[in-house]
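Listed below, chain by chain, are the residues.
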Amino acid sequence: MFVGEAPGADEDRMGEPFVGAAGQLLTKMIIAMGLSREQVYIANILKCRPDMPKGSSGNRKPSGDEMNTCIPYLLAQVEIIQPKIMVALGGTALEGLFGAGEKISRVRGTFLEFRGIPVMPTFHPSYLLRNQSNAEKRRVWEDLLKVMEQLELPINDKQRGYFLSQAR
């Protein structure tokens, strides 16, 4: 189960999580893991797009109250899906699951536990779209390799080597 922040404009319009540019990158990440989108469940902390101030566009981080309002729906999804593992995509997903105490830059790459389920916090795909450094891409890929190992998925040499030869 992958958990993101909130629907963006594309997701809001289509009624499906991660269908914009970040979603396309997430799909590539899932495929690189040897999986398909049909084999994973993708959810968000918020179930609807946060309102923007009048006259402004784009996305904004959900408030704590908004996250608290939607958490029961995410908990119901977790109860129904019963994932073997979860990946928290970005700081807002981390905060929604665990509260405001931890920063993504400090805990990414380290398994946490949510209601008995291992959770791997990692950077959100939109972060990788803004930061094209192979070193950052490699950090996220190392997190996903740990997820693959935990799930006992096969990992080949090509997968182990992603972003190593070009890391900067």
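Analysis parameters
- Residues numbered from 1 in each chain as written.
- Predicted model: local features only at pLDDT ≥ 70, side-chain atom pairs only at ≥ 80, totals over all residues.
- Heavy atoms only, no water.
- Pairing = 2+ DSSP bridges.
- Helix = DSSP H or I, 4+ residues; strand = E, 2+ residues; numbered from the N terminus.
- Axes fitted to C-alpha atoms, helices over the stretch in contact; angles between N-to-C directions.
- Parallel < 35°, antiparallel > 145°, perpendicular 65-115°, else oblique.
- Contact = heavy atoms within 4.5 Å.
- Nonpolar A, V, L, I, M, F, W, Y, C, P; charged D, E, K, R; others polar.

Q: Describe the sheet that holds strand 3 (residues 86-89), naming the residues involved and giving the relevant values.
A: The sheet built from five strands is open, its strands ordered 2-1-3-5-4 with mixed pairing. Of all strands in the sheet, those bounded by a partner on one side alone are strand 2 (42-44) and strand 4 (112-114). Here the average twist between neighbouring strands, direction ignored, is 35°. In the sheet, strand 1 (residues 2-4) pairs with strand 2 via three bridges, with the strands oriented parallel. Paired with F2 across the bridge in strand 2 is I42.

Q: Break down the packing of helix 3 (residues 64-81) against helix 4 (residues 91-98) for me, citing the residues and quoting the values.
A: Contact geometry of helix 3 with helix 4 gives a least axis separation of 10 Å together with a crossing angle of 75°. In terms of orientation, helix 3 lies roughly perpendicular with respect to helix 4. Residue-level contacts link M67, I71 and L74 of helix 3 to T92, E95, G96 and L97 of helix 4. Class assignment of the residues belonging to the contact of helix 3 with helix 4 gives a composition of four nonpolar, two polar and one charged.

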